[in-house]
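Analysis of the macromolecular model
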Amino acid sequence: MDPMERTVVRCAEGHVFSTNSFPMQQLGAERLGPGRLIRCPRCARLRHAVPVAAEQR
């Protein structure tokens, strides 16, 4: 994956936007899932967001 590649995500409020940083890192032995906390540009709040492609599974 290109570090400059943008990821399309959906926040908990349903806003869809793209971001150039959506870290998928391991935290300890367990993975926390596909979602991350990220600031939504539409509502300007820190929201749980998931990649749009991950929602279709």
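Residues numbered from 1 in each chain as written. Predicted model: local features only at pLDDT ≥ 70, side-chain atom pairs only at ≥ 80, totals over all residues. Heavy atoms only, no water.

When helices and strands are counted, the protein chain shows one helix and four strands. Considering the protein chain as a whole, with its 57 residues, one finds that 30% of them fall into the buried category. In the protein chain, the share of contacts with a sequence separation of at least 24, taken over all contacts with a separation of at least 6, comes to 35%. Carbon and sulfur atoms make up 51% of the accessible area of the protein chain, which totals about 4300 Å². (Helix = DSSP H or I, 4+ residues; strand = E, 2+ residues; numbered from the N terminus. Buried < 20%, exposed > 50% of the residue type's maximum accessible area, 1.4 Å probe, protein only. Contact = heavy atoms within 4.5 Å. Areas by Shrake-Rupley, 256 points an atom, 1.4 Å probe, with all protein chains shown as cover.)

What follows concerns the environment of Glu 5. Here Glu 5 is to be found in the segment before β1 (7-11). Take Glu 5: its relative accessible area is 40%, and that puts it in the partly exposed class. As for Glu 5 and Ser 18, which are separated by 13 residues in sequence, their C-alpha atoms are 9.8 Å apart. Apart from residues no more than four positions distant in its own chain, Glu 5 is found in contact with Thr 19 and Asn 20.

A separate point is the sheet that holds β1. With antiparallel pairing, the four strands of this open sheet are ordered in space as β2-β1-β4-β3. Two strands close off the open sheet at either side, each with one partner strand: β2 (16-19) and β3 (36-39). Along the sheet, successive strands turn relative to each other by an average axial angle of 50°, direction set aside. Sheet topology note: the β3/strand β4 (residues 46-51) ladder contains four bridges and is antiparallel. Paired with Arg 36 across the two strands is Ala 49, which belongs to β4. (Pairing = 2+ DSSP bridges. Axes fitted to C-alpha atoms, helices over the stretch in contact; angles between N-to-C directions.)

Enumeration according to the criterion identifies zero disulfides in this entry. Cys 40 supplies the cysteine sulfur nearest to Cys 11, a cysteine that is in no disulfide, at a spacing of 3.9 Å. Unpaired in terms of disulfides, Cys 43 finds its nearest cysteine sulfur in Cys 40, a separation of 3.7 Å. (Disulfide = S-S within 2.5 Å.)

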